[in-house]
Amino acid sequence: MAKKRIRIDMEDSDGARYDIKLEGNVTRDKVLKIFEMMDLMNIEEEQEVTNMDSVGSKIWNIVDKFFPMGKFTSTNILEKYEDEYNEPVKLSVISTYLSRFSTKGRVNRTRTGREWTYQTIKIAPKQQ
């Protein structure tokens, strides 16, 4: 199994920068602990500014816009992509990007029959 790596770069409101790198057995619980630490330090999640020139950013926009909580397949993304951007894309390209998103920890990927099912990983806000 490939060694997993996650790198998180943060900046607080005072301008201090934090670089955190997780390698090896990276689990959801470990990533959640990082976000809890960010909460303790009052570091807000930065909203990513996406460049809609790349196919990958367009695919992620589709995932984020149409499937923020539910499960989806690469075929679902293909249909929404072609409707949204009026341009053709190969199913294999979408599958490759979704696989990369899974490796980077942006989506969960599970085998369902002959195809993969994906679900975005969202960190729930802490209950007070």
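Note that the coordinates shown come from a computational prediction; the quantities given were computed from them, not determined experimentally.

Caption draft 1: Structural context of the packing of aromatic side chains. Across all of its chains, the model carries five aromatic pairs by this definition. With 5.1 Å between their ring centres and 75° between their planes, Trp 60 and Phe 101 make a pair best called edge-to-face. Linking Trp 60 in helix H2 (residues 55–66) with Phe 101 in helix H4 (residues 91–103), this pair joins segments that are 41 residues apart in sequence. The exposure class assigned to Phe 101 is buried, which follows from its relative accessible area of 5%.

Caption draft 2: Quick look at the packing of H2 against H4. Running from N to C, H2 and H4 cross one another at 75°; their axes reach a closest spacing of 10 Å. Classed by the angle they form, the pair H2 and H4 counts as roughly perpendicular. Across the interface between the two elements, Val 55, Gly 56, Ile 59, Trp 60 and Val 63 from H2 touch Val 93, Ile 94, Tyr 97, Leu 98 and Phe 101 from H4. A class-by-class count of the residues in the contact of H2 with H4 yields nine nonpolar, one polar and no charged.

Caption draft 3: View of unusual backbone geometry. Located in the positive-phi region is Asn 86, a residue other than glycine, with phi close to 50°. Note on placement: Asn 86 falls in the loop between helix H3 (74–85) and H4. Judged by relative accessible area, Asn 86 falls into the exposed class, the value being 69%.

Conventions and cut-offs
Residues numbered from 1 in each chain as written. Predicted model: local features only at pLDDT ≥ 70, side-chain atom pairs only at ≥ 80, totals over all residues. Heavy atoms only, no water. Phe/Tyr/Trp six-rings, centres within 6.5 Å; stacked < 30°, edge-to-face > 60°. Helix = DSSP H or I, 4+ residues; strand = E, 2+ residues; numbered from the N terminus. Buried < 20%, exposed > 50% of the residue type's maximum accessible area, 1.4 Å probe, protein only. Axes fitted to C-alpha atoms, helices over the stretch in contact; angles between N-to-C directions. Parallel < 35°, antiparallel > 145°, perpendicular 65-115°, else oblique. Contact = heavy atoms within 4.5 Å. Nonpolar A, V, L, I, M, F, W, Y, C, P; charged D, E, K, R; others polar.

Spatial relationships are all this shows, so hold off on functional conclusions.
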